[in-house]
Amino acid sequence: MTIERTLSIIKPDAVAKNVVGDIISRFEKGGLNVVALKMAHLSKDQAGGFYEVHKERPFYNDLVEFMTSGPVVIQVLEGEGAIAKNRELMGATNPADAAAGTIRADFAKTVDENAVHGSDAPETAKAEIAFFFSDDEVCPRTR
Ligand code: CMP
């Protein structure tokens, strides 16, 4: 497996529940390194642009509304097979289908407010990281 980077967003529902630390701890315990991190309250343009791929889906407007309802914590995670590892730690998109012990099973109740986002493939990870972080905001580990 290769070292990858993936974009992770801790969504407004999880930030509001004060479980940011719990969620980041799961990434770290899962072998992923945080190499960039920021908190932001997204504008409608930012959230709409980030989820542009879902523009035609019936849930798009609600998704943008939700993602702008409060601050989010955005991070770049790095590690062996980081994209799949992050998705394994998050669990299924719909918390009702998420395996026990995953972030969504433990911290989310509905598909609309599902605690976390993670990139789904190398190309999307690259584009999503670039959407939120410039190259000099990503800090490769030196020790
Ligand atoms: P996320 O991984 O951030 O990608 C798109 C988001 O749309 C998804 O998580 C869900 O929170 C949200 N969403 C709402 N309804 C649906 C649905 N029916 N199918 C997929 N995603 C949905």
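Structure: above.
Residues numbered from 1 in each chain as written. Predicted model: local features only at pLDDT ≥ 70, side-chain atom pairs only at ≥ 80, totals over all residues. Heavy atoms only, no water.

**Student:** Sorry if this is basic, but what is going on with the overall build of the protein chain here?
**Tutor:** Scanning the protein chain from N- to C-terminus turns up seven helices and four strands. For the protein chain, the sequential pattern of α-helices and β-strands runs β-α-α-β-α-α-β-α-α-β-α. For 143 residues, the compact-globule estimate of 2.2 N^0.38 gives 15 Å, and the protein chain sits close to it at 14 Å. In the protein chain, which comprises 143 residues, the proportion classed as buried is 46%. Considering only contacts in the protein chain between residues 6 or more positions apart, those separated by 24 or more positions represent 77%. By element, 51% of the accessible surface of the protein chain is carried by carbon and sulfur atoms, the whole surface being about 7700 Å². Here the protein chain carries 16 positive and 22 negative side-chain charges, and the mean point of each set is 4 Å from the other. (Helix = DSSP H or I, 4+ residues; strand = E, 2+ residues; numbered from the N terminus. Rg over C-alpha atoms; globule rule 2.2 N^0.38 Å. Buried < 20%, exposed > 50% of the residue type's maximum accessible area, 1.4 Å probe, protein only. Contact = heavy atoms within 4.5 Å. Areas by Shrake-Rupley, 256 points an atom, 1.4 Å probe, with all protein chains shown as cover. Lys, Arg positive; Asp, Glu negative; His and termini not counted. Charge placed at Lys NZ, Arg CZ, Asp CG, Glu CD.)

**Student:** Before we go on, may I ask you to explain the sheet that holds strand β2 (residues 33-40) in this structure?
**Tutor:** Taken together, the four strands give an open sheet; going across it, the order is β2-β3-β1-β4, and neighbouring strands pair in antiparallel fashion. Each of the sheet's edge strands pairs with one partner strand only, and the pair in question is β2 and β4 (116-118). Mean inter-strand twist for the sheet, computed between neighbouring axes without regard to direction, equals 20°. The sheet contact formed by strand β1 (residues 3-10) and strand β3 (residues 72-80) spans eight bridges and is antiparallel. Bridge pairing in β3 links E4 to G79. Strand contacts of helix α5 (residues 82-90): β1, β3 and β4, with the helix running at about 35° to β1, the strand carrying the most contacts. (Pairing = 2+ DSSP bridges. Axes fitted to C-alpha atoms, helices over the stretch in contact; angles between N-to-C directions.)

**Student:** Looking at this model, I keep getting lost on the site of the ligand. Mind explaining?
**Tutor:** As a structural note, the neighbourhood of the ligand is formed by K11, Y51, H54, F59, L63, T93, R104, V111, D112, N114 and H117. One of the side-chain nitrogen or oxygen atoms of K11 is found 2.7 Å away from an oxygen atom of the ligand. A distance of 3.2 Å separates an oxygen atom of the ligand from a polar side-chain atom of N114. Protein contacts shield 77% of the accessible area of the ligand, which totals 450 Å² for the unbound molecule. Taking a 2 Å distance to the grid points as the criterion, the majority of the atoms of the ligand fall inside the largest pocket. (Near = heavy atom within 4 Å. Polar contact = N/O pair within 3.5 Å; in protein donor to acceptor, adjacent residues only side chain to side chain. 1 Å grid on protein atoms, 1.4 Å probe; cavity = no way out; pocket = protein on both sides within 12 Å on 5 of 7 lines; lining within 4 Å. Sits in = over half its atoms within 2 Å of the grid points.)

**Student:** Where do I start with the pattern of salt bridges in this structure?
**Tutor:** Between side chains of opposite charge, a pair can form when the charged atoms approach closely. Scanning the model with the defined rule gives five salt bridges in all. The salt bridge involving R5 is made with E78; its shortest N-O contact spans 2.8 Å. Within this pair, whereas R5 is found in strand β1, its partner E78 is found in strand β3, the two being separated by 73 residues in sequence. Residue R5 is classed as partly exposed on the basis of its relative accessible area of 33%. On the accessibility criterion, E78 (14% relative accessible area) is buried. A salt bridge links K44 to E65; the nearest nitrogen and oxygen atoms lie 3.8 Å apart. One end of the pair, K44, is in helix α3 (residues 44-50); the other, E65, is in helix α4 (residues 60-67), and 21 residues separate them in sequence. (Salt bridge = Lys/Arg side-chain N within 4 Å of Asp/Glu carboxyl O.)

**Student:** Just to check I follow, could you spell out the side chain of T6 for this structure?
**Tutor:** Within the secondary structure, T6 is located in strand β1. Only 3.5 Å separates the side chain of T6 from the side chain of S119, close enough to count as a polar contact. For T6, the contacting residues outside a window of four places in its chain are Q75, V76, L77, A82, I83, N86, S119, A125 and I129.

Purely spatial values, then, with no claim about function.
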